[in-house]
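Observations on the three-dimensional arrangement
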Amino acid sequence: METKLEVATIKANTPPLGGLELYWLLSRNQLEFILQDITITQSSLQVATAQYQEAMLPVINLEKHFGLPETGLRRSPKYLVIRAATAEKSLVKVIIETPQAVKMQHLEMGRDASRLLALPRNNSDLLGVYAMSDGSLGIVPDIAGISGSLQWRGGQQSSSEVRR
């Protein structure tokens, strides 16, 4: 029996890597909210933050985090509030900035393609890389890992504080 997962797909704002288009894949359950406009500030540790509900959350650009060059696409950015559980079962939230559209899709699990991709930075913050049916690569970022690796302090992340 084939398993189809409902995921949010976001085309990476980067030129093709090795001739393959890259897409960020997030579980539908991780996507909490999409914002069109937020006020971004820099914290004392050079991590951008923005207020969402009662908390200050880190604002992450996945292309920059993984060291990918960005295309010159100049659309108004969208801000995705993403939640994830840590290994300790606490909830963390981050805001992902992207100029690309977010599409909800049912995807079949493709073959693991992690050996096909080495990103310039932070490869340990990946949960998986999958070959998609259209020949592109789907990258699953480790939101909890990214949140934990940020040198950011000062905001509540639901029930726990972000720690390095």
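Please refer to the structure higher up on the page.
Described in the following lines is the structure provided in the data block. Given the structure is predicted, the values throughout are model-derived calculations rather than measurements. (Residues numbered from 1 in each chain as written. Predicted model: local features only at pLDDT ≥ 70, side-chain atom pairs only at ≥ 80, totals over all residues. Heavy atoms only, no water.)

As for the pairing of strand S6 (residues 55–60)
With five of its six residues buried, S6 lies for the most part within the structure. In terms of strand pairing, strand S5 (residues 48–52) meets S6 through four bridges, oriented antiparallel. Within S6, the position partnered with Ala50 by the bridge is Leu57. What sits between the antiparallel neighbours S5 and S6 is a turn of two residues, in which Gln53 has the positive phi angle 55 degrees. Bridging between S6 and strand S8 (residues 91–98) involves two bridges; their strand directions are parallel. Across the sheet, residue Ile60 finds its bridge partner in S8, namely Ile96. (Buried < 20%, exposed > 50% of the residue type's maximum accessible area, 1.4 Å probe, protein only. Helix = DSSP H or I, 4+ residues; strand = E, 2+ residues; numbered from the N terminus. Pairing = 2+ DSSP bridges.)

Some thoughts on the layout of surface pockets
Within this model, the second largest pocket holds a volume of roughly 220 Å³. Gln42, Gln46, Val47, Ala48, Val59, Ile60, Asn61, Lys64, His65, Glu97 and Leu150 together form the lining of the second largest pocket. For the lining of the second largest pocket, the secondary structure elements donating two or more residues are S6 and helix H1 (62–65). (1 Å grid on protein atoms, 1.4 Å probe; cavity = no way out; pocket = protein on both sides within 12 Å on 5 of 7 lines; lining within 4 Å. Points joined across faces, edges and corners; volume = space filled by probe spheres on them.)

Description of empty space enclosed by the protein
According to the stated counting rule, one finds one cavity of 30 Å³ or more in the structure shown. Taken as a whole, the largest cavity holds about 30 Å³ of empty space. Around the largest cavity, the lining residues are Ile10, Trp24, Leu62, Glu63, Leu80, Ile96, Glu97 and Thr98. Contributions of two or more residues to the lining of the largest cavity are made by H1 and S8. A per-element tally of the lining of the largest cavity places S8 first, with three residues. A class-by-class count of the residues in the lining of the largest cavity yields five nonpolar, one polar and two charged. (Nonpolar A, V, L, I, M, F, W, Y, C, P; charged D, E, K, R; others polar.)

Regarding the nonpolar core
Counting 28 residues, the largest nonpolar core has Trp24, Leu26, Leu62, Phe66, Ile82, Ile96 and Ile143 as its most contacted members. At the level of secondary structure, the elements contributing two or more residues to this core comprise strand S1 (4–11), strand S2 (22–27), strand S7 (78–85), S8, strand S10 (126–131), strand S11 (137–141) and helix H2 (143–149). Setting aside residues up to four positions removed in sequence, Ile143 forms contacts with Leu26, Gln30, Ile82, Ala84, Val94 and Ile96. Counting 11 residues, the second-largest nonpolar core is a separate cluster that includes Leu35, Ile38, Val59 and Val81. (Core = buried A, V, L, I, M, F, W, Y, C linked by side-chain atoms within 4.5 Å. Contact = heavy atoms within 4.5 Å.)

Some thoughts on the packing of aromatic side chains
Using the criterion set out here, one finds two aromatic pairs in the structure. The interplanar angle of 25 degrees and the centroid separation of 5.6 Å between the aromatic rings of Trp24 and Phe66 together place this pair among those described as stacked. One end of the pair, Trp24, is in strand S2; the other, Phe66, is in the loop between H1 and S7, and 42 residues separate them in sequence. The exposure classification of Trp24 matches that of Phe66, with both residues buried. Between Phe33 and Tyr52 the ring centres are 6.4 Å apart and the planes differ by 40 degrees, which places this aromatic pair in the tilted class. Taken together, the positions of Phe33 in strand S3 (residues 31–35) and Tyr52 in strand S5 put the pair 19 residues apart, joining distant regions of the chain. The class of Tyr52 is buried, set by a relative accessible area of 9%. (Phe/Tyr/Trp six-rings, centres within 6.5 Å; stacked < 30°, edge-to-face > 60°.)

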